[in-house]
Amino acid sequence: MPTGCPSLERNLKNCTCTYTSCDKRGKCCECVAYHRSLGEIPGCFFTKEGERTWDRSIENFIRDRGRK
C-alpha cells in the first residue's frame, strides 16, 4: 500500500485553503473525504471570500457560489 501523497507538492502550490495548519492540506483525497464525512464542502470549492469565513457548510457554499 502506498504511503504519502505523490501529488502533495503540486497540490500545495494550488491549494487555496487558508487553514495552513491542517494536516490534510494538499492531500486532496483526505481533505475531500474528511469534509464529506462532516457533511461539508472543502474550502477550495469556495470563492476567496467564502473560503475566508471557514464556514464549510453546504448552505454557505450555495450562498457563496450564488454571489459570483
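Residues numbered from 1 in each chain as written. Predicted model: local features only at pLDDT ≥ 70, side-chain atom pairs only at ≥ 80, totals over all residues. Heavy atoms only, no water.

- Under an unreviewed UniProt entry, the protein chain has the name Cytosolic protein and belongs to Fervidobacterium gondwanense DSM 13020.

## Considerations on the packing of aromatic side chains
Stage number 1. The full count for this structure, using the stated rule, is two aromatic pairs.
Stage number 2. The interplanar angle of 65° and the centroid separation of 5.0 Å between the aromatic rings of Tyr19 and Trp54 together place this pair among those described as edge-to-face. Taken as a pair, Tyr19 in the loop between α1 (8-14) and α2 (28-37) and Trp54 in the loop between α3 (48-52) and α4 (58-66) lie far apart in primary sequence, 35 residues in all.
Stage number 3. Ring plane angle 85° and centroid distance 5.4 Å describe the contact between Phe46 and Phe61, whose orientation is recorded as edge-to-face. (Phe/Tyr/Trp six-rings, centres within 6.5 Å; stacked < 30°, edge-to-face > 60°. Helix = DSSP H or I, 4+ residues; strand = E, 2+ residues; numbered from the N terminus.)

## Focus on unusual backbone geometry
Stage number 1. Positive phi is not limited to glycine here, since Trp54 has a value of about 60°.
Stage number 2. Accessibility expressed as a relative area gives 47% for Trp54, which makes it partly exposed. (Buried < 20%, exposed > 50% of the residue type's maximum accessible area, 1.4 Å probe, protein only.)

## Observations regarding the pattern of salt bridges
Stage number 1. The tally for this structure, following the rule as stated, stands at three salt bridges.
Stage number 2. A salt bridge links Arg56 to Glu51; the nearest nitrogen and oxygen atoms lie 3.0 Å apart. Each member of the pair, Arg56 together with Glu51, is buried.
Stage number 3. One salt bridge connects Asp55 with Arg63, and the closest N-O pair in it is separated by 3.9 Å.
Stage number 4. Owing to a relative accessible area of 30%, Asp55 belongs among the partly exposed residues under this scheme. (Salt bridge = Lys/Arg side-chain N within 4 Å of Asp/Glu carboxyl O.)

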